[in-house]
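Summary of the model geometry
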Amino acid sequence: MRKSVPIVPRRRATDRPAPLLSLIVPMFNEEEGVEGFFARLIPILRKVTEDYEVVCIDDGSSDRTLPALEQQHAKDARIKVLSLSRNFGKDISLSAGLDYARGRAVIPIDADLQDPPELIPEMVAKWREGFDVVYARRISRDVDDTQKRLSANWFYRIHNWIADVRIPDNVGDYRLMDRRVVSALQALPEKTRFMKGLFAWVGFKQTGIDYSREARAAGTTKWRYWKLWNFALDGLTASSTMPLRIWTYFGVALGLFSIFYALWLVLRTALYGNPVPGYASLMVTVLILGSINIIATGILGEYVGRIYNEVRNRPLYLVRESLGLEPATPKMEQR
Ligand code: UDP
Ligand code: MG
């Protein structure tokens, strides 16, 4: 029997020793902030270790974020850049970062300095104590406006009520993860990357440290209401099939009620004769049932849409350019 010989020898990503610490920084139109971000981050990192890498994901920025990052790479080769072919959104940028980061511990961090880099030494200390995940918990969200705070609050409440795994309160993507956790995340095949839900799902030994959320250092938030709403919908449907299943129970309950109601109508007609035909009650019944039908169909559509997305099995993202990076696990090759 002939043994199959690979035509192109696979480059081994593990030839270089893995750095101790990787940071993943998703960036979308952050040109104003790049300089200040690294000025504050790098000294802190260097106090923890010289063995670090910073993987910046340029998420299809239309401003001068990429040239600014290239400049940083020229100054310090440990600052690496992955430029996606278009804007894919923060969660997919994070997934891309997780594929390319090689550190034994990995920390995703926002580029706008809302996640204070000063927490990194403490995170690393906890990791060295033996925790697999050290997340940063915001004790105040004063800087966000009331509307955002309230909607976030409600989202987590509903999510934790219906979802199978709880997302801890007031925890974002800013956290340290051991390599084991990163590998687990990469092994999850779904395309709807609701990172907070995935982080919660993988589990492992977790702990949190508290901090207060600062205001954005430069630029503006990339989340507008419609985007946030869609994000919430993705999050809920990614974590739970409850919205889909609840209709079965609702339908059964309504069906039982209808049978008794019908029996009662028959009985009433037999005893007292035909009362005045009720146009109003009929209309109301038809309307309510009609709307329930439409809602149920809509919810079905939400899931079917996502199934479609998964089945299409497109690659999560496309890379346009990369500086100083090779994928830790060549995910697109695997599929
Ligand atoms: N971001 C991204 N792609 C996007 C939107 C945002 O990579 O489509 C990045 C952004 O550059 C920042 C981080 O995600 O580093 C958090 O975004 P932002 O500060 O706008 O969100 P907020 O803090 O308001 O929730
Ligand atoms: Mg921000």
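Just above, that's the structure.
Quick summary incoming for the structure in this document. (Residues numbered from 1 in each chain as written. Chains lettered and ligands numbered in written order. Predicted model: local features only at pLDDT ≥ 70, side-chain atom pairs only at ≥ 80, totals over all residues. Heavy atoms only, no water.)

1. Overview of the packing of aromatic side chains
Ring pairs (aromatic) are described by centroid distance and by the angle formed between their planes. Formally: Each aromatic pair joins two rings of Phe, Tyr and Trp (for Trp, the six-membered one) with centres within 6.5 Å, and gets the label stacked for planes under 30 degrees apart, edge-to-face for over 60, and tilted for any other angle. Burial classes: relative accessible area under 20% of the type maximum marks a residue as buried, over 50% as exposed, and values in between as partly exposed (1.4 Å probe, protein chains only). Helix numbering and strand numbering both begin at the N terminus, where a helix is a DSSP run of H or I of at least 4 residues and a strand a DSSP run of E of at least 2.
Tallied over the entire structure, the rule returns 4 aromatic pairs. Here the aromatic rings of Phe155 and Tyr156 are separated by 5.3 Å at their centres, their planes lie at 65°, and the arrangement is edge-to-face. Overall, the relative accessible area of 12% leaves Phe155 in the buried class. Aromatic side chains Phe155 and Phe194 sit 6.0 Å apart centroid to centroid with 85° between the ring planes, which places their arrangement in the edge-to-face category. Residue Phe155 is found in helix α5 (residues 146-162), and its partner Phe194 is found in the loop between α6 (179-187) and α7 (195-202); the two are separated by 39 residues along the sequence. Residue Phe155 shares its accessibility class with Phe194, and that shared class is buried. Put simply, the rings of Phe155, Tyr156 and Phe194 pair up and form one aromatic cluster.

2. Looking at the nonpolar core
Cut-off, in case you're wondering: Residues belong to one nonpolar core when they are buried, are Ala, Val, Leu, Ile, Met, Phe, Trp, Tyr or Cys, and are joined through side-chain atoms within 4.5 Å. Whether two residues touch is decided by their heavy atoms; if any such pair falls within 4.5 Å, the residues are in contact.
If you look at the biggest cluster of nonpolar residues, it comprises 36 residues, and the most contacted ones within it are Leu21, Phe38 and Val54. For this core, the element with the most residues is helix α1 (residues 31-48), which contributes 6 residues. Leaving out residues up to four positions away in the same chain, Leu21 has contacts with Leu45, Thr49, Asp51, Tyr52, Glu53, Gly103, Ala105, Ile107, Ile120, Val124 and Leu176.

3. Considerations on the packing of α5 against helix α8 (residues 225-239)
To keep things clear, this is the line we draw: Lines fitted to C-alpha atoms define the axes here, with helix axes fitted over just the stretch in contact, and angles between the N-to-C directions of these axes take values from 0 to 180 degrees. Angles below 35 degrees are treated as roughly parallel, those above 145 as roughly antiparallel, those between 65 and 115 as roughly perpendicular, and all remaining angles as oblique. Two helices crossing with the near one rotated counterclockwise from the far one by less than a right angle form a left-handed crossing, whereas a clockwise rotation gives a right-handed crossing. Three categories are distinguished: nonpolar for Ala, Val, Leu, Ile, Met, Phe, Trp, Tyr, Cys and Pro, charged for Asp, Glu, Lys and Arg, and polar for the others, with Gly belonging to the last.
Across the interface, α5 lies against α8 with an axial gap of 10 Å and an inter-helix angle of 15°. Classified by the angle between their axes, α5 and α8 sit roughly parallel to one another. Seen from above, α5 lies across α8 with right-handed handedness. On α8, the residues touching Gln147, Lys148, Phe155, Ile158, His159 and Ile162 of α5 are Tyr225, Leu228, Ala232, Gly235, Leu236 and Ser239. Tallied by class, residues from the contact of α5 with α8 come to 7 nonpolar, 4 polar and 1 charged.

4. Topic: helix α3 (residues 90-100)
Of all the 11 residues making up α3, 10 are buried; the element is thus mostly covered by neighbouring parts of the structure. Among the residues of α3, Asp91, Ile92, Ser93, Leu94, Ser95, Ala96, Gly97, Leu98, Asp99 and Tyr100 are the ones counted as buried.

5. Looking at the coordination of the magnesium ion (ligand 2)
Note on metal geometry: ideal angles are 109.5 degrees for four donors arranged tetrahedrally and 90 or 180 degrees for six donors arranged octahedrally. Heads up, the rule is: For Na, K and Ca the donor cut-off is 3.2 Å; for every other metal, N, O and S atoms count as donors within 2.8 Å. Water does not enter the count, which can leave sites looking incomplete.
Of the protein atoms, only Asp112 (OD) and Gln114 (OE1) coordinate the magnesium ion (ligand 2), at distances of 1.9 to 2.0 Å. Accessibility assignment for this pair places Asp112 and Gln114 in one class, buried.

6. Comments concerning the pattern of salt bridges
Quick reminder of the rule: Note on definitions: salt bridges are taken to be side-chain nitrogens of Lys or Arg within 4 Å of carboxyl oxygens of Asp or Glu.
Taken as a whole and assessed by the stated rule, the structure comprises 11 salt bridges. A salt bridge links Asp51 to Arg104; the nearest nitrogen and oxygen atoms lie 3.9 Å apart. With Asp51 in the loop between α1 and β2 (52-58) and Arg104 in the loop between α3 and β4 (105-108), this residue pair connects regions lying 53 residues apart in the sequence. Under the relative-accessibility criterion, Asp51 is labelled partly exposed at 35%. Given the relative accessible area of 42%, Arg104 is considered partly exposed.

7. Concerning the pairing of β2
Rule in force here: By this definition, two strands are paired if DSSP reports at least two bridges between them. Looking down the strands as they point away from the viewer, one classifies a crossover as right-handed if the path from the first strand across the helix to the second runs clockwise.
When you tally the buried positions in β2, you get 7 out of 7 residues, the bulk of the element. Looking at chain direction, strand β1 (residues 21-27) and β2 are connected through 7 bridges and run parallel. Bridge pairing in β2 places Val25 opposite Cys56. Handedness of the crossover joining β1 and β2 through α1 is recorded here as right-handed. In this sheet, strand β3 (residues 79-84) lies alongside β2 in parallel orientation, the contact comprising 5 bridges. The residue of β3 that forms the bridge with Asp58 is Ser83. Taken together, β2, helix α2 (residues 65-75) and β3 form a β-α-β motif whose crossover is right-handed.

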